[in-house]
Amino acid sequence: MRASLLQIDVNEGESVESRRTRVASLVREQAGRADLVVLPELWTTGAFAYEQFADEAEPLEGPTYEVMAKAASDAGVWLHAGSIPERDPEGPLYNTSLVFSPSGDLAAAYRKIHRFGFDKGEAVMMAAGEELVTVRLPETTLGVATCYDLRFPELFRGLVDAGAETLVVPAGWPERRRAHWTLLAQARAVENQAFVLACGTAGTHAGVPQAGHSIVVDPWGEVLAQAGAGEQVLNLEFDPGRVAVTRDQFPALKDRMLGLAAPRR
């Protein structure tokens, strides 16, 4: 299976409309090169540009949806279009990922469950999603997560229990915690015996330098490919069949002890 991770530079001097057009062109360029294309988190606005979320929020089937659906169809690829600030008709904002089929149909939408910011930013401006999302492709089943979700292993266990073999994580991860980015991507791959495709942004969002270094990790925790700090298209080929082989040869997932009781005090 061929994948392209598009590590987009979110430049504050570029308009959202211009970036949509530019990114759509990059997606189309992957025609014949990739079966799956992955974009980062909140690449339209920047993951740390909190003050823009409300102004740039769009309905699920808004401008980004339309442009990305067309790009997926034109390129004939499965497209994880990263995430957008979604405005629900009932009022709340969500950090919502969109996955399109090669025909341009919406295959799945995932509202980010773990919101970053503690008592500010995304954590207070956006509502939390409540549902795990998987997407069945001909070659593999994707498990969909977003950025800060990477720190919560139980979410990924839930995706694996739902059949996920390839874990896709768009992000807007800050440079100052880049070591965690790599470490956690490898940990999620090893403990779940799954591929991890983690795609971050480049540039600076609201004064916060981004880590870049998008990464692909195999089920043994080996790094198959990693980008640098700037805008880059990371292309690689991987064999989804290695998930089943790894889980058969080293069946650690079968040894899980579920339902353990808390210690008595």
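That block above? That's the structure.
Along each chain, residues carry numbers from 1 onward, in the same order as the chain's sequence is written. pLDDT decides what is reported in this predicted model: residues at 70 or higher carry local features, side-chain atom pairs at 80 or more are listed and counted, and totals for whole chains, interfaces and linings draw on all residues regardless. Water and hydrogen atoms were dropped before computing side-chain values, which therefore reflect all heavy atoms in the structure.

Caption draft 1: Looking closely at the side chain of histidine 213. What counts as a helix is a DSSP run of H or I of at least four residues, what counts as a strand is a run of E of at least two, and both are numbered from the N terminus. Assignment of secondary structure puts histidine 213 in the loop between strand S12 (208-209) and strand S13 (215-217). For histidine 213, the side chain forms a polar contact with the main-chain oxygen of alanine 211, separated by 2.8 Å. Only heavy atoms matter for contacts: two residues are in contact if any of them lie within 4.5 Å across the pair. Not counting the four nearest positions on each side in its chain, histidine 213 is found in contact with Gln7, Arg178, Trp181, Gln226, Ala227, Gly228 and Ala229. Polar contacts here mean pairs of N or O atoms no more than 3.5 Å apart (in protein, one a potential hydrogen donor and the other a potential acceptor; neighbouring residues in sequence count only if both atoms are side-chain atoms).

Caption draft 2: The state of the cysteines, seen in detail. Here, two cysteine sulfur atoms that lie within 2.5 Å of each other are counted as a disulfide. All told, the structure shown has zero disulfides when counted by the stated rule. Cysteine cysteine 147 shares no disulfide, and the gap to the nearest cysteine sulfur, in cysteine 199, comes to 11 Å. Only protein chains enter the accessibility calculation, which uses a 1.4 Å probe; a residue is then buried when its area is under 20% of its type maximum, exposed when over 50%, and partly exposed in between. By relative accessible area, cysteine 147 is classed as buried at 8%. The class for cysteine 199 is buried, based on a relative accessible area of 0%.

Caption draft 3: Focus on the packing of aromatic side chains. Pairing of aromatic rings covers Phe, Tyr and Trp, the last counted by its six-membered ring, and requires centre-to-centre distances within 6.5 Å; plane angles under 30 degrees mean stacked, over 60 mean edge-to-face, and any other angle means tilted. As enumerated under the stated definition, the model contains 10 aromatic pairs in all. Their ring planes at 50° and their centres at 6.0 Å tell us that phenylalanine 48 and tyrosine 50 sit as a pair that is tilted. Ring geometry for phenylalanine 195 versus phenylalanine 238: centroids 4.8 Å apart, planes at 50°, classification tilted. You can see phenylalanine 195 sitting in strand S10 (residues 195-199) and its partner phenylalanine 238 sitting in the loop between strand S15 (232-237) and helix H7 (241-249), a full 43 residues away along the chain. Across the pair, phenylalanine 238 and phenylalanine 195 agree in class, each one buried. Among the aromatic residues, ring-to-ring pairing joins Phe48, Tyr50, Phe53, Phe116, Phe118, Tyr148 and Phe152 into one connected group. The ring of tyrosine 94 carries the charged tip of arginine 111 above its face, separated from the ring centre by 3.8 Å. Definition used: whenever NZ (Lys) or CZ (Arg) falls within 6 Å of the ring centre and also within 35 degrees of the ring normal, the charge is taken to sit over that ring.

Caption draft 4: Focus on helix H6 (residues 178-192). In a helix, the anticipated span is given by 1.5 Å times the number of residues less one. The end-to-end C-alpha distance of H6, which contains 15 residues, comes to 22 Å, matching closely the 21 Å that a straight helix rising 1.5 Å per residue would cover. Every buried residue of H6 is listed here: Trp181, Thr182, Leu184, Ala185, Arg188, Ala189 and Asn192. Elements in contact with the buried residues of H6: helix H5 (153-161), strand S9 (166-170), S10, S13, strand S14 (223-226) and H7. Downstream of H6 by a residue or two, glutamine 193 has a phi angle that is positive, lying close to 50°.

Caption draft 5: Up close: the pairing of strand S7 (residues 133-136). Here S7 shows a clear split, with Val133 and Val135 buried on one side and none of Thr134 and Arg136 buried on the other. Counted between consecutive antiparallel strands, the loop separating S7 from strand S8 (residues 141-144) contains four residues. Pairs of strands are assigned from DSSP output, requiring at least two bridges between the strands.

This is a description of form; function is not addressed.
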